[in-house]
Amino acid sequence: MKTKQYLLIKVVLLIFCTTTTINAQDLEHLKELFTFYPNKKAVQKDSTRYLQKFIAAPVVSFSPETNFAFGTGAKFLFKFNGSGEETRVSNMPMSIQYTLNNQFFVFSGFEIFTNQEKWVIEGNFLFQNYPRLFFGFGQDSPESAEEVYENSQFLFEPIFLKQLFIKHLFIGAGVRYNHIYSTAIEEGGIIDQLRPEGFNGSTSVGAEAAVLYDSRNNVLNAQNGWYLEFTHGEYGKILGGTHAFDLTRFDLRHFKELKNKSKDIIGLQLVGRTTRGNIPFSEFAFFGSSEIMRGYREGRFVDRDMLATQVEYRKHFGESRFGAVAFLGTGSVYNDITDFQFGSLKPNFGAGLRFKLDKEENLNIRFDWGVGRGSNEFYLGIAEAF
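Conventions and cut-offs
Residues numbered from 1 in each chain as written. Predicted model: local features only at pLDDT ≥ 70, side-chain atom pairs only at ≥ 80, totals over all residues. Heavy atoms only, no water. Helix = DSSP H or I, 4+ residues; strand = E, 2+ residues; numbered from the N terminus. Buried < 20%, exposed > 50% of the residue type's maximum accessible area, 1.4 Å probe, protein only. Contact = heavy atoms within 4.5 Å. Salt bridge = Lys/Arg side-chain N within 4 Å of Asp/Glu carboxyl O. Pairing = 2+ DSSP bridges. Phe/Tyr/Trp six-rings, centres within 6.5 Å; stacked < 30°, edge-to-face > 60°. Lys NZ or Arg CZ within 6 Å of the ring centre and 35° of its normal. Polar contact = N/O pair within 3.5 Å; in protein donor to acceptor, adjacent residues only side chain to side chain. Lys, Arg positive; Asp, Glu negative; His and termini not counted.

## Considering the overall build of the chain
Next, step 1: Across its full length, the chain holds four helices and 20 strands.
Next, step 2: With the principal axes as the frame, the chain shows a C-alpha extent of 65 × 50 × 40 Å.
Next, step 3: Burial status across the chain gives 52% buried among its 386 residues.
Next, step 4: For the chain, restricting intrachain contacts to residue pairs at least 6 apart in sequence, the fraction spanning at least 24 positions comes to 57%.

## Quick notes on the pattern of salt bridges
Pairing between side chains becomes possible if they bear opposite charge and their charged atoms approach one another.
Next, step 1: As enumerated under the stated definition, the model contains 24 salt bridges in all.
Next, step 2: A salt bridge links Arg-88 to Asp-214; the nearest nitrogen and oxygen atoms lie 3.2 Å apart. Separated by 126 residues along the polypeptide, Arg-88 in the loop between β3 (67-78) and β4 (90-99) and Asp-214 in strand β10 (residues 202-214) bring together distant segments of the chain.
Next, step 3: The class of Arg-88 is buried, set by a relative accessible area of 10%.
Next, step 4: Since its relative accessible area comes to 0%, Asp-214 is described here as buried.
Next, step 5: For Glu-312, the salt bridge identified is with Arg-314, shortest N-O distance 2.8 Å.
Next, step 6: The class for Glu-312 is buried, based on a relative accessible area of 0%.

## A closer look at the pairing of strand β13 (residues 265-277)
Next, step 1: Where strand β12 (residues 245-257) meets β13, 13 bridges bridge the pair, whose relative direction is antiparallel. Within β13, the position partnered with Asp-251 by the bridge is Val-271.

## Some remarks on the packing of aromatic side chains
Next, step 1: One pass over the structure, following the stated rule, counts 24 aromatic pairs.
Next, step 2: Each ring, one from Phe-54 and one from Phe-76, has its centre 6.3 Å from the other, and the planes form 55 degrees; the classification is tilted. A residue pair is termed long-range when its members are at least 10 positions apart, and Phe-54 in strand β2 (residues 53-63) and Phe-76 in strand β3 qualify at 22 residues.
Next, step 3: Among the residues examined, Phe-76 registers a relative accessible area of 21% and is labelled partly exposed.
Next, step 4: Here the guanidinium or amino end of Arg-253 rests over the ring plane of Tyr-227, the centre of that ring lying 4.7 Å away.

## Brief notes about the pairing of β10
If a strand is regular, its side chains alternate between the two faces of the sheet.
Next, step 1: With twelve bridges joining them, strand β9 (residues 169-184) and β10 adopt antiparallel strand pairing. By the bridge assignment for β10, Arg-176 is matched with Gly-206.
Next, step 2: As defined by bridge partners, β10 adjoins strand β11 (residues 225-235) across nine bridges and the pair is classed as antiparallel. Residue pairing in the sheet places Glu-208 in a bridge with Gly-233 of β11.

## Here's the deal with the environment of Phe-255
Next, step 1: The residue Phe-255 is located in strand β12 in this model.
Next, step 2: Judged by its relative accessible area of 2%, Phe-255 falls in the buried class.
Next, step 3: For the pair Phe-255 and Leu-307, spaced 52 residues apart in the sequence, the C-alpha separation amounts to 20 Å.
Next, step 4: Once you skip the residues sitting within four places of it in the chain, Phe-255 turns out to touch Arg-216, Ala-222, Gln-223, Asn-224, Gly-225, Ile-266, Gly-267, Arg-314 and Phe-386.

## Quick notes on the environment of Phe-107
Next, step 1: Tracing the backbone through its elements, the reader meets Phe-107 in strand β5 (residues 104-113).
Next, step 2: Residue class for Phe-107 comes out partly exposed when judged on its relative accessible area of 34%.

## Points about the environment of Asn-348
Next, step 1: Looking at the secondary structure, you find Asn-348 in strand β18 (residues 346-358).
Next, step 2: Look at Asn-348 and you get buried, because its relative accessible area is 1%.
Next, step 3: Between the alpha carbons of Asn-348 and Met-293 there is a distance of 6.3 Å; along the sequence they are 55 residues apart.
Next, step 4: Ignoring sequence-local partners within four residues, the contact set of Asn-348 consists of Met-293, Arg-294, Tyr-296, Phe-327, Leu-328, Gly-329, Thr-330, Val-371 and Gly-372.
Next, step 5: Within polar-contact distance, the side chain of Asn-348 engages the backbone oxygen of Arg-294 at 2.9 Å.

## Description of the side chain of Glu-122
Next, step 1: With respect to the helices, strands and loops of the structure, Glu-122 is situated in strand β6 (residues 119-129).
Next, step 2: Despite being buried, Glu-122 has no salt bridge partner; Arg-216 is the closest side chain of opposite charge, sitting 6.7 Å away.
Next, step 3: With residues up to four places along the chain from it excluded, the contact list for Glu-122 reads Phe-110, Glu-111, Glu-157, Pro-158, Ile-159, Leu-161, Leu-212, Tyr-227 and Glu-229.

## Regarding unusual backbone geometry
Next, step 1: In this structure, Phe-165 takes a positive phi of about 70 degrees despite not being glycine.
Next, step 2: Tracing the sequence through the fold places Phe-165 in the loop between β8 (147-163) and β9.
Next, step 3: One non-glycine residue, Arg-195, adopts positive backbone phi at about 45 degrees.
Next, step 4: Positionally, Arg-195 belongs in the loop between α4 (190-194) and β10.
Next, step 5: Among the residues examined, Arg-195 registers a relative accessible area of 47% and is labelled partly exposed.

Shown next as structure tokens:
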């Protein structure tokens, strides 16, 4: 086992052992040090309003792509005035981190519900200097082919969706801007030899159509409900991009609370991604992450299309803040999704520990160990994988 993995285990054990010595009241006092309430005075005058929370605190996370990352994390949880129990809590997170691999990133993946959920505004904002590992194209690229591809990225993707026809169904559109620059490749490496489209930088600008069905009871850690997001984007030079192509993505999830005393949860997820046209290197499907196919390095396998699925059992230990998970999944990348074969699927499995940081919002700290074919990786972060 790698030295950094031993170190990670010690850190996680220290975190979990330390929390067992802090009683619930002390933990709440600690949490209050990092929590601000922007509309506290207004709520004191009108108790029907939702008490907004702005939580900002030091953040330590780990993934095999970044090593340890240190920085500041903030999460703004709120509802617009006039929203009641029928409207779920809007979530605007922001993370600013620097890693031991000399990377930095600023990220926000937001989901905002207007009054009575008539509209949903969701999307991503990302600015990073993020060298990634590359092993070649295709589902059979060897581990020995590892090389480093350095690049900087600015991504902005807002999507506006209106509730139509039935409850929880939203239809809308948005734009996606993805700029890759300041690239550097290994001389004589695979990228240098193949020189794929956009290897030395690219700009993708596209208009997206989107459909969202979201009946989850909690967007941070659902106990029940369905989630289906489908987007199709058309990208072209007429919009200011460097390449013309189309990108289709879908993300299907289902959560079910089991009828037992602990109220354990089963979560299922199926994700897919396909691209067609003059595709720049940055828009290929990169297999493996801290969210899907845990146990594989991000980009361990790369190709035009990807399909992956996972199931996770989430165990709660009574009324305590502790929990555990076990997960199992499979997936692969393809030059064309019609090339799908069961024999090409790559398995993963693993387990993890959970500590509930905020009972009211059902927000967990998670530590996961994932195992893939010929690899295993550890992950430390906040909130569930999906």
